[in-house]
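Remarks on the overall topology
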Amino acid sequence: MRGTYVPPVPVSEPRVVSADGSPVHVEVFGPGDAPAVVLAHGWTCSIAFWAAQIRALAPDHRVIAYDQRGHGRSPAPLGPLGYSPKALADDLEAVLEATLAPGEPAVLAGHSMGGMTFMAAAERPAFREHAAAVLLCSTGPARLVGEATVLPLPKSPVRRRLTGAVLGARAPLGPVTPAGKKVLKYGVMGPGASPEQVDACARIVHACPTPVRYGWSRVLDAFDEEAGLRAIEAPTAVVVGSADKLTPPVHARLMDESLPHSLGLTTLPGLGHMTPVEDPAAVTGLIRELVTTYVVTEEAAPAGASEAAASDTATTAMSDAAASAASAVSDAAASAASAAATTATAAPSDAATTATSATPGTATSSAKRAAKTAKESA
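Quick look at the structure, then. Remember, it's a predicted structure, so these values are computed and weren't measured experimentally.

What follows covers the pattern of salt bridges. Under the counting rule described, the total for this entry stands at 16 salt bridges. Where Arg69 meets Asp20, a salt bridge forms, and the shortest distance between an N and an O atom there is 2.9 Å. Here Arg69 is found in the loop between strand E5 (62-66) and helix H2 (85-99), whereas its partner Asp20 is found in the loop between strand E1 (16-17) and strand E2 (23-24), with 49 residues between them in sequence. Relative accessible area serves as the criterion here: at 3%, Arg69 is assigned to the buried category. Taking the relative accessible area as the measure of exposure, Asp20 reaches 47% and is therefore partly exposed. Arg124 is the salt-bridge partner of Asp90, the closest N and O atoms lying 2.9 Å from each other.

Structural data, given as structure tokens:
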């Protein structure tokens, strides 16, 4: 991988150990006094999956990304008990406690199994302490295998069994090949994904060890965190690709309806499951908007302002950002279609999303930053 799809060199790699003693690989990017963003990747991925977001956000954000256990540089669980929603929640809580100062707010963005991690951790003290806002990206709370449309069959028990067998296969993926990239693009990416984007995702997914891929597939097969979804108290935005076969839009609509404080659903036309890679600008723009609204502040919110008014302002801002993201994707799709008529090579989307200023959230004090720096140095 190269360029946009390779993360920059981290500022630090703090030592993090989960509740069961498992080490969790963490990388921190950006200025130490900048607003914090925590990124949790999905099944068979790694920190590299967020490369475009890290590159875009690190100049003015403190970006904390970690490898889910068994992925990237985090060691695989030693036994079956290490594969569970509880383990996902334990690892996230350990990351938050190790990298954020007491009371420090952060935007938490999770893709696929990363979003499921937030649902599993929603009632944990560290999650509630630090999650100022949440982005649930291409994910779902339950019935993952039953709702998946990876196989072009009508919804039925037969399709569910076959889908479970495909996603839970023990066979190694092997090296990245042209045929393998075609299969991956069909299953988890939109038809407009560029060759470079497909290659980046293929290399990330194929790097996941087969036992780890299988172990987590069993967890996802039985995953049910609808209660955890409803327990997320932080303002939460939902984003999904309209062509997502792995976690189709039916999940996104359910999440939008079930969240206590939903900021709305953004559907990105033509995109598949790998939305942060397929349209980095749209996803990064939504993260920036959450930071602007709920973490960054230059002055206190007006005294006496009602909670409802603040919520309305924030929701309006997120709606504006969502409309901007959707518009950018539509423009990019139109441009790609035009280019396809004259050339055989599709170009990556360069859609730009403009972040909109909104009602300030919670300021991070100098004392919290000093405490955080001391924690990382320990």
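Anyway, onward from the coordinates.
Our next topic: the packing of H2 against helix H3 (residues 113-121). Running from N to C, H2 and H3 cross one another at 90°; their axes reach a closest spacing of 8 Å. When the interaxial angle is binned, H2 and H3 end up roughly perpendicular. Contact residues: H2 offers Pro85, Leu88, Ala89 and Leu92, while H3 offers Met113, Thr117, Phe118, Ala120 and Ala121. Class assignment for the residues of the contact of H2 with H3 results in eight nonpolar, one polar and no charged.

Let us now look at unusual backbone geometry. Peptide bonds are mostly trans, and most non-glycine residues show a negative phi. Even without glycine at this site, Thr44 takes up a positive phi of about 70°. Within the secondary structure, Thr44 sits in the loop between strand E4 (36-40) and helix H1 (51-57). Phi is positive for Ser138, close to 50°, though the residue is something other than glycine.

On the surface, Leu153, Val158 and Leu162 cluster together to form a nonpolar patch covering roughly 230 Å² of accessible area. Along the chain, Val158 falls in helix H6 (residues 157-167). Assessed through its relative accessible area of 43%, Val158 is described here as partly exposed.

Rules of the game
- Residues numbered from 1 in each chain as written.
- Predicted model: local features only at pLDDT ≥ 70, side-chain atom pairs only at ≥ 80, totals over all residues.
- Heavy atoms only, no water.
- Salt bridge = Lys/Arg side-chain N within 4 Å of Asp/Glu carboxyl O.
- Helix = DSSP H or I, 4+ residues; strand = E, 2+ residues; numbered from the N terminus.
- Buried < 20%, exposed > 50% of the residue type's maximum accessible area, 1.4 Å probe, protein only.
- Axes fitted to C-alpha atoms, helices over the stretch in contact; angles between N-to-C directions.
- Parallel < 35°, antiparallel > 145°, perpendicular 65-115°, else oblique.
- Contact = heavy atoms within 4.5 Å.
- Nonpolar A, V, L, I, M, F, W, Y, C, P; charged D, E, K, R; others polar.
- Patch = residues over 30% accessible without salt bridge, like charges linked within 9 Å, V, L, I, M, F, W, Y side chains within 5 Å.
- Areas by Shrake-Rupley, 256 points an atom, 1.4 Å probe, with all protein chains shown as cover.

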